[in-house]
Amino acid sequence: MVLVFPAPGTATGEDVVELHLHGGHAVITAVLEALLALPRVRLAEPGEFTRRAFDNGKLDLTQVEGLADLLAASTEAQRAQAIRTSEGALARAAAAWRDALLAELAVTEALLDFSDEGDVTDALPDAAVLEGVARSLGDALAGAEAGERLRDGLQVALIGAPNVGKSSLLNALAGREAAIVSPYAGTTRDPIEVTLDLGGVPVTLIDTAGLRPSEDPIEAEGIARAKARAASADLRLLLYDGGFPSGAEGMWLVRTKSDLAAEEIDATSIWVSTVTGQGIAALMARLKIWAVDATRGGEAAPISHARQRATVTEAFARVEEAIGSEEALLRAEALRLALRAIGRLSGGVDIEDVLDAIFARFCVGK
């Protein structure tokens, strides 16, 4: 069956033909070989159809990035965020910012160029519109960190002394034997990672080497890597099985092997036992709440890429400059720079250097 979709009412804005074939791989391969034997027929490059949609004005760059995120989404929350972007939530916000700034720039330019005309005022317009744009830009930036965290996922490092139960806890939280557990200290050398879906948020648990002085160069390297991974993690769980650790500021304290503990329970720590299962569900629930809170943004335009945040930050700074400018020439220049930043956000200007990197993320046929 052959379906013909005439331009411009297609996803790419060009004429599109679909072949719906019946049969197995041999039929598909034979038809593909026949097509490739025709003049000027070749296989599509990764992301080429989306690139054509962008070039033909069917998608702006934020929607392209949203579509790439959608294809890579592994959890429901990631999918929902990507859908919002791919369907134009950020594009619509950018259009509103652009329209408001263009209107203000037109008034300001008129003041500069036609101040001798009788119907043109010589006073700068009230900054209320610009203040509204600044608030909207600020709201979008407020949720940017959460949006990027959701897109990239969160990392939780399990740290502590050797044989404190890090690998056992990782296995218990993962629900499978992801890490080797043994009674011998120093079993874990390289960080072991397991990704969980916690409330729609991808969270990577990292089992690190036990922290202790070591003369073994291999173990010492593992400890160095453990410290580096822990430093870059979004959350650190400090595990201990006796006494009370010091220097745990900014970490969650997890008292392991609670089934063997005789002392009074410390209310500041999370008590768990991988033998009896005590506290595992409670720790998992607490991690889920933390993950959802860490990635919860407002209802503003979704920003989930560093590129998007950088351009919106630039636009916000320029709008603030415009608000503070009492001279028409300075305000006009600040507005032009703000509009240029928004143009980079949507892909209108200065984006050739990022296009290849963005479309390279797509698979063939998208």
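This is a predicted model, so every value here is computed, not measured.

About the criteria used
Residues numbered from 1 in each chain as written. Predicted model: local features only at pLDDT ≥ 70, side-chain atom pairs only at ≥ 80, totals over all residues. Heavy atoms only, no water. Helix = DSSP H or I, 4+ residues; strand = E, 2+ residues; numbered from the N terminus. Buried < 20%, exposed > 50% of the residue type's maximum accessible area, 1.4 Å probe, protein only. Contact = heavy atoms within 4.5 Å. Areas by Shrake-Rupley, 256 points an atom, 1.4 Å probe, with all protein chains shown as cover. Core = buried A, V, L, I, M, F, W, Y, C linked by side-chain atoms within 4.5 Å. Pairing = 2+ DSSP bridges. Salt bridge = Lys/Arg side-chain N within 4 Å of Asp/Glu carboxyl O. pLDDT = per-residue confidence, 0-100. Phe/Tyr/Trp six-rings, centres within 6.5 Å; stacked < 30°, edge-to-face > 60°. Lys NZ or Arg CZ within 6 Å of the ring centre and 35° of its normal. Lys, Arg positive; Asp, Glu negative; His and termini not counted. Expected span 1.5 Å × (residues − 1). Axes fitted to C-alpha atoms, helices over the stretch in contact; angles between N-to-C directions. Parallel < 35°, antiparallel > 145°, perpendicular 65-115°, else oblique. Left-handed = near helix turned anticlockwise from the far one by under 90°. Nonpolar A, V, L, I, M, F, W, Y, C, P; charged D, E, K, R; others polar. Arc of directions from axis to C-beta.

### Focus on the overall build of the protein chain
From N to C terminus, the protein chain includes 13 helices and eight strands. In the protein chain, which comprises 366 residues, the proportion classed as buried is 40%. Across the protein chain, contacts joining residues at least 24 apart in sequence account for 62% of those joining residues at least 6 apart. With an accessible surface of roughly 19,200 Å², the protein chain has 55% of that area assigned to carbon and sulfur atoms.

### What to know about the nonpolar core
Soluble globular proteins tend to bury their nonpolar side chains together. By size, the foremost hydrophobic cluster in this structure holds 28 residues, and its most contacted members are Leu 169, Leu 173, Val 203, Leu 237, Trp 252 and Leu 283. When contributions to this core are tallied by element, the ones reaching two or more residues are strand 3 (154-160), helix 8 (166-174), strand 4 (192-198), strand 5 (201-207), strand 6 (235-240), strand 7 (252-255) and helix 10 (280-294). The element contributing the most residues to this core is helix 10, with six residues. With sequence-adjacent residues up to four places away left out, Leu 169 is seen in contact with Leu 239, Val 254, Val 272, Thr 274, Ile 280 and Leu 283.

### Examining the sheet that holds strand 6
Strand order in this open sheet of six strands is 4-5-3-6-7-8, and the pairing throughout is mixed. Because the sheet does not close on itself, it has two edges, and the strands there are strand 4 and strand 8 (270-271). Here four bridges tie strand 6 to strand 7, and the two strands are oriented parallel to one another. By the bridge assignment for strand 7, Leu 237 is matched with Trp 252.

### Looking at the pattern of salt bridges
All chains considered together, the criterion is met by 17 salt bridges. Where salt bridges share partners, they join Glu 14, Arg 42, Glu 48 and Arg 52 into one cluster.

### Some words on the environment of Leu 19
The topology assignment puts Leu 19 in strand 2 (residues 16-19). For Leu 19, a relative accessible area of 39% translates into the label partly exposed. Considering only alpha carbons, one finds Leu 19 and Leu 3, 16 residues apart in sequence, at a separation of 6.6 Å. When near neighbours in sequence (up to four residues on either side) are disregarded, Leu 19 contacts Met 1, Val 2, Val 31 and Leu 35.

### Some details on the pairing of strand 3
Across the seven residues of strand 3, six count as buried, placing the element largely inside the fold. In the sheet, strand 3 pairs with strand 5 via five bridges, with the strands oriented parallel. Along strand 5, the bridge assignment pairs Gln 155 with Thr 204. Bridge count for strand 3 against strand 6 is five bridges, and the pairing is parallel.

### Focus: the confidence of the model for the protein chain
Looking at the protein chain as a whole, its pLDDT mean stands at 84, while 83% of the residues score no less than 70. This model gives residues 184-189 a pLDDT under 50, and the stretch forms 19 contacts once residues within four places in sequence are excluded.

### Some details on the packing of aromatic side chains
To describe a pair of aromatic rings, you give the distance between the ring centres and the angle between the ring planes. Per the stated rule, a full pass over the model turns up zero aromatic pairs. The ring of Trp 271 is capped by Arg 255, whose NZ or CZ atom sits 5.1 Å from the centre of that ring.

### Comments concerning the side chain of Asp 207
Relative to the helices and strands, Asp 207 is located in strand 5. Here Asp 207 sits buried without a salt bridge, and the closest side chain of opposite charge, Lys 166, lies 5.3 Å off (N-O distance).

### Description of unusual backbone geometry
With the exception of glycine, most residues fall at negative phi, and the peptide bonds are largely trans. Omega for the bond connecting Ala 7 with Pro 8 falls within 30 degrees of zero, at 5°, which places this linkage in the cis form. Position of Pro 8 among the secondary structure elements: in the loop between strand 1 (2-5) and strand 2. Despite not being glycine, Arg 40 has its phi angle at roughly 60°, a positive value. By secondary structure assignment, the location of Arg 40 is in the loop between helix 1 (25-36) and helix 2 (48-55). Judged by relative accessible area, Arg 40 falls into the exposed class, the value being 87%. Phi is positive for Asn 163, close to 60°, though the residue is something other than glycine.

### Looking at helix 3 (residues 61-72)
Its twelve residues give helix 3 an end-to-end C-alpha distance of 17 Å, which sits within 8% of 16 Å, the value for a rise of 1.5 Å per residue. Taken residue by residue, helix 3 has Leu 61, Thr 62, Gln 63, Val 64, Glu 65, Gly 66, Ala 68 and Asp 69 as its buried positions.

### What to know about the packing of helix 3 against helix 4 (residues 76-86)
At their nearest, the axes of helix 3 and helix 4 sit 7 Å apart, and the two run at 155° to each other. Classified by the angle between their axes, helix 3 and helix 4 sit roughly antiparallel to one another. In this structure, the crossing between helix 3 and helix 4 has a hand that is left-handed. Contact with helix 3, carried on its side by Thr 62, Gln 63, Gly 66, Leu 67, Asp 69 and Leu 70, involves Arg 79, Ala 82, Ile 83, Thr 85 and Ser 86 of helix 4 and no other residues of that element. Looking at the contact of helix 3 with helix 4 residue by residue, the class counts come to four nonpolar, five polar and two charged.

### Some details on the environment of Gly 132
In this structure, Gly 132 sits in helix 6 (residues 128-142). Judged by relative accessible area, which is 25%, Gly 132 ranks as partly exposed.

### Let's talk about helix 10
Here helix 10 contains 15 residues, and its C-alpha end-to-end distance of 21 Å stays within 8% of the 21 Å for a straight helix at 1.5 Å per residue. Considered for burial, the residues of helix 10 that qualify are Ile 280, Leu 283, Leu 287, Trp 290, Ala 291 and Ala 294. Summarising the axial view, the buried residues of helix 10 lie within an arc of 100°, below the 170-degree limit, and thus occupy one face. Residues of helix 10 that are exposed and angled more than 90 degrees away from the buried face: Ala 281, Ala 282 and Ile 289.

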